[in-house]
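Architecture at a glance
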Amino acid sequence: MIKRFVTLIALVSLLYACGPTAPVEPTIDVNAIHTYAAQTVIAEFTQTARAVPPTSAATATEDATTTPEVTSQPTDTAVPTNNPFEATPTDITCDDAKWVADVTVPDGTEMTAGQDFVKTWKIRNTGSCTWGTGYTLIHGYDEKLDGVAEPLTGAFAPGEEVEVSVRFKAPTNTGEHRSYWRMQNAAGSAFGEFLYVAIVVR
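Buried together is how nonpolar side chains tend to be arranged in soluble globular proteins. Residues Trp121, Ile123, Trp131, Val164 and Met183 are the most contacted members of the largest nonpolar core, which totals 24 residues. Residue contributions to this core peak at five residues, all from strand β8 (residues 190-201).

This is the structure we're talking about:
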């Protein structure tokens, strides 16, 4: 397309430069040639434009305005509040114990170094299982004070009270000393409230 236009211009220039010495022929209208060349270029562009299918304006608008499909997310499944495995305030565990009273050796009792003594507590079976063989007191924490628990004698049903004891020996160093103990069942699991003895060695 461009080459045709250049060739046409070159032809016109050649006619001007190398004209014959014979009588001058009618003058060529240069403006007409320019107009023809311009029309040729426009025609070439038009043919090229027709060869390429135009993009649909509706399609472009539709692509731009189309809202992406929203995939709904599954809602969380409600968790039941009545979980059968969750303990409620009304549940009663198999083994449980609560302190009732100190029977011997009140807190702060004075002892001599190395003195033997027996501490006895009254406790209540607040569980749902009967205490029997294999149930005993075990040392929990703080000083053990050479403590040895005395075994239970008999069986104690839920709701019953029982006296439990540990034999101790006061240490040789002066000052206050404490020892904490707790019930343990036949399977070796500790349960219930901690019981303690507190003495002062002079």
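Next comes the rest of the write-up.
Bringing the packing of aromatic side chains into the picture now. Per the counting criterion, the structure on display carries eight aromatic pairs. Relative to Phe191, the ring of Trp131 lies with its centre 5.8 Å away and its plane at 55°, an arrangement referred to as tilted. With Trp131 in the loop between β3 (116-125) and β4 (136-142) and Phe191 in strand β8, this residue pair connects regions lying 60 residues apart in the sequence. Using a relative accessible area of 0% as the deciding quantity, one classes Trp131 as buried. Of the residues examined, Phe191 reaches a relative accessible area of 5% and is grouped as buried.

Strand order in the open sheet formed by four strands is β1-β3-β6-β5, and the pairing between neighbours is antiparallel. At either margin of the open sheet sits one strand with a lone partner, and together these are β1 (97-102) and β5 (148-149). Where β5 and strand β6 (residues 161-169) come together, two bridges link them in antiparallel fashion. Its bridge partner lying in β6, Ala149 is registered against Val166.

This next bit is on the confidence of the model for the chain. On average, residues of the chain score 74 in pLDDT, and 55% of them are at 70 or above. Here residues 15-24 is modelled with pLDDT under 50, and outside its nearest four sequence neighbours on either side it reaches four contacts, counting other chains as well. Predicted confidence for residues 54-68 stays below pLDDT 50, and this span has zero contacts to residues more than four positions away or in other chains.

Procedures and definitions
- Numbers given for residues are sequential positions, taken from 1 along each chain in its written order.
- At least 70 in pLDDT is required for a residue's local features to be given in this predicted model, at least 80 for side-chain atom pairs to be given and counted, and no such filter applies to totals for whole chains, interfaces and linings, which use all residues.
- Just so you know, side-chain values use all the structure's heavy atoms and leave hydrogens and water out.
- Buried Ala, Val, Leu, Ile, Met, Phe, Trp, Tyr and Cys residues form a nonpolar core when they are joined through side-chain atoms within 4.5 Å.
- For each residue, the accessible area found with a 1.4 Å probe, counting protein chains only, is set against the maximum for its type, and the residue is called buried under 20%, exposed over 50%, and partly exposed in between.
- Secondary structure is summarised from DSSP: a helix means a run of H or I of at least four residues, a strand means a run of E of at least two, and numbering begins at the N terminus for each.
- Each pair of aromatic rings taken from Phe, Tyr and Trp, with Trp reduced to its six-membered ring, is defined by centres within 6.5 Å and is described as stacked if the planes are under 30 degrees apart, edge-to-face if over 60, and tilted in the remaining cases.
- For two strands to count as paired, DSSP must find a minimum of two bridges between them.
- On a scale of 0 to 100, pLDDT captures the predictor's confidence in every residue.
- Residue contacts are defined here by distance: any two heavy atoms, one from each residue, within 4.5 Å place the two residues in contact.

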